[in-house]
Amino acid sequence: MSAEYVLEMRNITKNYGENTVLSDVTLQVRPGEIHALLGENGAGKSTLMNVLFGMPVIHATGGFGGEVLLDGEATHITSPHDAMTKGIGMVHQEFMLLPGFTVTENIKLNREVTRRNPVSRLLGRNMETLDMGAMSSAARKALDSVGMSIDEYTRVEGMPVGYMQFVEIAREIDKTGIKLLVFDEPTAVLTESEAQQLIRVMKAIAESGIAIIFITHRLDEVMEAADSITILRDGKLVTRLDKEKTSIVELAEQMIGRKGEAMVSVEPRAVPQDEVALSVRDLYVNMSGEEVRGVSFDVFKGEILGIGGLAGQGKLGIPNGVMSLYASSGEVEIFGETLQLGNAAAALKAGIAMVSEDRKGVGLLLDQSIEDNIAFTAMQVKGEYLTKIGPIKLKNSGAIRHQAERMIKELDIRCFGPTQHSGTLSGGNQQKVCIARALTMKPRFLFVSEPTRGIDIGAKKLVLETLVKLNREMGMTIVMVSSELQELRSICDRIMIVSEGKLVDILPPDASDADFGLAMSGIKPDEHK
Amino acid sequence: MRDNVNSGIDTAASKAPVRQKTNWGRLFRENAVTIMFVVMCIVCLAFSGQSLSYVMYELFGRLSRNAFIVLALIIPIVAGMGINFAITIGAMAAQISVLWVIEWGVSGLPGMMLAALMTVPLAAFFGFLIGKLLNKMKGQEMIGGLILGYFANGLYQLLFLFIFGNLIPLNAPGLVIKGSTGVANTIDLSTERGFKYALDGLWSMPFVEATHLIFAVLFLVVVVMLVAKKIKTEKALTYMGIMGAFAMLLQIPAVASVFSMVKVPMVTFIVVGVLCLFNTGLLRTRLGQQFRAVGQNRTVANASGINVDKVRVIAIMISTVLAGWGQLIFVQNMGSFQTYGAHEQVGLYAGAAILVGGAGVRKATNGQAILGCILFHLLFIVAPPAGKNLFGDSAIGEYFRVFISYGVIAAALVMHAWSGIQKKKSAKEALTE
Ligand SMILES: Nc1ncnc2c1ncn2[C@@H]1O[C@H](COP(=O)(O)OP(=O)(O)OP(=O)(O)O)[C@@H](O)[C@H]1O
Ligand SMILES: [Mg+2]
């Protein structure tokens, strides 16, 4: 037990077919410390964790090279379940919760508290009866320890994403004998205050002696929470640092391998407010956790409008409602023409495109290639990228390939080529494919929802710059929804803040922090004064 | 520290949930299939010209022979494997057992028990194979199952047409028709070698007495549970109230006369009751929780360490064995069965019945199974005479039967999709009411 490291991964090498995604990577984590794992999109962070958990993808693709040591002893972790029994827990990048189960049932999934009964004496543990009372009191305890006051009998379905994240953490904490917890981008979906709470919870967990591996793209969080840091780049170990002896600037440089650049910033300008591109009246959207309850606003032609607000307040509901991805009602006009709500194809035909915040759900066809994903909507909706031979329409593979290669280059999508399945891309690179697909539609009007969620600082800059370029050079009107106020302020002409599903105020990007803060909590600044 | 930890998320908490009210429109939409069937049953009943007591007599007969097999569908539905052909395969296993029990000449209750015993390894083995195969085509269970069902039927025919009676000689009279190949078209259980009414005939009672007896037993159970503090007082009182009211109702001669022709095969219904308890009990165990988890999301279940493939195989095996027993109950009541068609029919009817009861392709309860069974068979009884009375043609009634059973599955699936679309429409309504 007196080993220096709870976990040591030595010289890990992993190939997916011809491609080496990890080579000779070493990771060391001490008991009770918070260890940050950093790297650009596609650097191999999730893959390294998949190796640690013995995920089936790893075994199915030829295993890996190197060794894994727990408490100083070499081990073979054969499956996620095996990892769990060896004391390693994971809070996933994608939620691993069952929507139809209650919070309790999710926390206790496959670790149910049971009572013996006559049948189970005969047929074994699987026949034991669930003890719901004991299960929910254990769940209650775990929820309390992450500061969640939510009722343990609530069903997960329809819960705001921030809550789900904490339920996942509660589930991991509830496991007995846990000595190492992995958080894969837990803060990507959280608001700032939730992220703060998460960091407090992580620190409390670490104090109790459990080591934490923390994967994130937010460097300020790293500086706040981590004790030590490992940085990967292109599947190789760059360095292992102590928090005390480094700075955000150094971290950024090490990740990207070049001198870190500042955030994007654009010249403030006055957008002529004479032509209305999108007019929305009395919009209601039934998107669970992000309901919109009667919002009216105008978007002027040629501007970038930001929509901000806390998670669960309805900012995501607005683009999803206008695009009819969720049930919505109200009056919407696009460039003077009425847009029928309830018909997603109509919105696309009218020249509106959207980059969804939900990559896995409506965003991407995961078992299709990158190029097919990029061309898909343009092909379906506008009939582009098709060659007509008489009545038959064939896919124009040449044109698709060309467009895909251009997009891969412009957005710096890290992949092995346009034919790679998008399901095998890293999280951030999937996001870029979504953006590429929207751009391929050559829309007049673009909704981007959380465009930089889960992508690294280099890529973030690239995405924001691309948006500005589209706006300035091609005159595209853009509405950007984001939880990161900083990002909205850096490129938007006006920023609209929503709270409780209603519009609170529209502010200029240079309005004071206090004004934004008040608006986010539902108070109009002039009311306050 | 606890205080500020909490405040971070509580502000969001108080705003997030959407109010829930009883919404009749929604309730109607979600149960559209069931409601449509209730209406159809009432209309047909009115036009059938059949007396209520005859309808009830028929209904109870059909319930006693079909309820078990419909209940066998619950576990695989909950485990996310849809309504699949495991029922058909289980029935095949039962029919193979019946053939051999008759061949050996074990009759009556011992015959039935022997057949039930034989069915277990056979059906379990078939179920194991199906489970393995379905695991290879996850997500396509419904369509893959259909094709596999055809294939299995081919094998079954090979067995009954070519192997039994030819390669393996059968000696019992009536099993093979002289001069032709293979097993005869119908297998008769009413001979001295068969086991017709082996279960039904054990103990049957007129309806009113039977209900009194059952209520008395249930009453005792509730009281015992109340004393042992296993049940809340209000709940116990409600149960007792309902039973009391029903018993009173039966005192009215007009009501009692409706059930005058009904003879309740007690043992059969007890077996059905036990199966209901089995389903509920099983779903409350660790294994049951695994079924539900796997049914909802295999990836999540897998990540939590559940052996998804194994759980699915177990679900199918349970279902095939139960379906096999269900088929035995069916044939002992009917007294004969179509050698080459009975299993197909039973799978189709069971699937249709549970959908009528309001079950989905992923959610099903005992109540839905029983309700569906009642409605489906009620329509079966009253539709042909109603068709005849309305259109003057009994063929229309026959046509109706077939139409119903196939139509129901299609209709239920379409209506599911439809209620999904309806749900989307009224965003403002849903949020402001
Ligand atoms: N199943 C797979 N088959 C083939 N290649 C894969 C597979 N999974 C991941 N990869 C590749 O491995 C590389 C590393 O991906 P990984 O998911 O580990 O990145 P990451 O560091 O987690 O990035 P992000 O920050 O975007 O989540 C990527 O280039 C990705 O395309
Ligand atoms: Mg990742």
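Residues numbered from 1 in each chain as written. Chains lettered and ligands numbered in written order. Predicted model: local features only at pLDDT ≥ 70, side-chain atom pairs only at ≥ 80, totals over all residues. Heavy atoms only, no water.

Here we look at the overall build of chain A
Piece 1. From N to C terminus, chain A includes 20 helices and 24 strands.
Piece 2. Over its C-alpha atoms chain A spans a radius of gyration of 24 Å, differing by no more than 12% from the 24 Å that the globule rule assigns to 529 residues.
Piece 3. The principal-axis extent of the C-alpha atoms belonging to chain A is close to 70 × 55 × 50 Å.
Piece 4. Counting all 529 residues of chain A, 58% fall into the buried class.
Piece 5. Across chain A, the fraction of contacts at a sequence separation of at least 24, relative to all contacts at a separation of at least 6, is 65%.
Piece 6. With an accessible surface of roughly 21,300 Å², chain A has 51% of that area assigned to carbon and sulfur atoms.
Piece 7. Both charge centroids of chain A, one from 57 positive and one from 71 negative side chains, sit 4 Å from each other. (Helix = DSSP H or I, 4+ residues; strand = E, 2+ residues; numbered from the N terminus. Rg over C-alpha atoms; globule rule 2.2 N^0.38 Å. Buried < 20%, exposed > 50% of the residue type's maximum accessible area, 1.4 Å probe, protein only. Contact = heavy atoms within 4.5 Å. Areas by Shrake-Rupley, 256 points an atom, 1.4 Å probe, with all protein chains shown as cover. Lys, Arg positive; Asp, Glu negative; His and termini not counted. Charge placed at Lys NZ, Arg CZ, Asp CG, Glu CD.)

Comments concerning the packing of helix H15 (residues 397-411) of chain A against helix H16 (residues 427-440) of chain A
Residues and elements named next belong to chain A.
Piece 1. Viewed as axis vectors pointing N to C, H15 and H16 meet at an angle of 125°, and their least axial separation amounts to 10 Å. Classed by the angle they form, the pair H15 and H16 counts as oblique. The chirality of how H15 crosses H16 is right-handed. In contact with Gln-403, Met-407 and Leu-411 of H15, H16 contributes Lys-432, Ile-435, Ala-436, Leu-439 and Thr-440.
Piece 2. Of the residues in the contact of H15 with H16, the class split is 5 nonpolar, 2 polar and 1 charged. (Axes fitted to C-alpha atoms, helices over the stretch in contact; angles between N-to-C directions. Parallel < 35°, antiparallel > 145°, perpendicular 65-115°, else oblique. Left-handed = near helix turned anticlockwise from the far one by under 90°. Nonpolar A, V, L, I, M, F, W, Y, C, P; charged D, E, K, R; others polar.)

Things to note about the domain arrangement of chain A
All names here are of chain A.
Piece 1. Domain boundaries assigned for chain A yield domain 1 (7-256), domain 2 (284-351 + 443-528) and domain 3 (370-433).
Piece 2. Using C-alpha coordinates to define each centre, domain 1 is positioned 34 Å away from domain 3.
Piece 3. The interface of domain 1 with domain 3 comprises 6 residues on the first partner and 6 residues on the second.
Piece 4. Summing the contributions of domain 1 and of domain 3, the shared interface buries around 510 Å²; its carbon and sulfur component is 47%. (Domains from an automatic or database assignment. Buried area = accessible area lost by both parts, 1.4 Å probe.)

Re the pattern of salt bridges
Residue and element names in this part refer to chain A.
Piece 1. Counted according to the given criterion, the structure contains 30 salt bridges over all chains.
Piece 2. As a salt-bridge pair, Glu-172 and Arg-171 come within 3.4 Å of each other at their nearest N and O atoms. Residue Glu-172 shares its accessibility class with Arg-171, and that shared class is buried.
Piece 3. Residues Arg-281 and Asp-298 are paired through a salt bridge, measuring 3.2 Å at the closest nitrogen-oxygen approach. (Salt bridge = Lys/Arg side-chain N within 4 Å of Asp/Glu carboxyl O.)

Examining the environment of Val-255 of chain B
Residues and elements named next belong to chain B.
Piece 1. Among the structural elements, Val-255 can be located in helix H11 (residues 253-258).
Piece 2. Residue classification places Val-255 among the partly exposed residues on the basis of a relative accessible area of 24%.
Piece 3. Here the alpha-carbon distance between Val-255 and Leu-226, two residues 29 residues apart in the chain, equals 31 Å.
Piece 4. With residues near it in sequence (within four places) discarded, Val-255 still touches Leu-249 and Leu-250.

Comments concerning the environment of Thr-216 of chain A
All names here are of chain A.
Piece 1. Among the secondary structure elements, Thr-216 is positioned in the loop between strand E10 (211-215) and helix H9 (219-225).
Piece 2. In sequence terms Thr-216 and Met-480 are 264 residues apart; their C-alpha atoms lie 22 Å from each other.
Piece 3. From its side chain, Thr-216 meets the backbone nitrogen of Arg-218 in a polar contact 3.0 Å long.
Piece 4. A polar side-chain atom of Thr-216 sits 3.2 Å from a polar atom in the side chain of Glu-221. (Polar contact = N/O pair within 3.5 Å; in protein donor to acceptor, adjacent residues only side chain to side chain.)

Topic: the nonpolar core
Residue and element names in this part refer to chain B.
Piece 1. In terms of nonpolar packing, the biggest core is built from 117 residues, with Leu-99, Phe-195, Phe-291 and Ile-354 touching the most fellow members.
Piece 2. Here this core gets 12 residues from one element, more than from any other, and that element is helix H6 (residues 86-104).
Piece 3. Dropping the residues within four chain positions of it, Leu-99 is found in contact with Phe-160, Phe-164, Leu-170, Leu-175, Val-183 and Ile-187. (Core = buried A, V, L, I, M, F, W, Y, C linked by side-chain atoms within 4.5 Å.)

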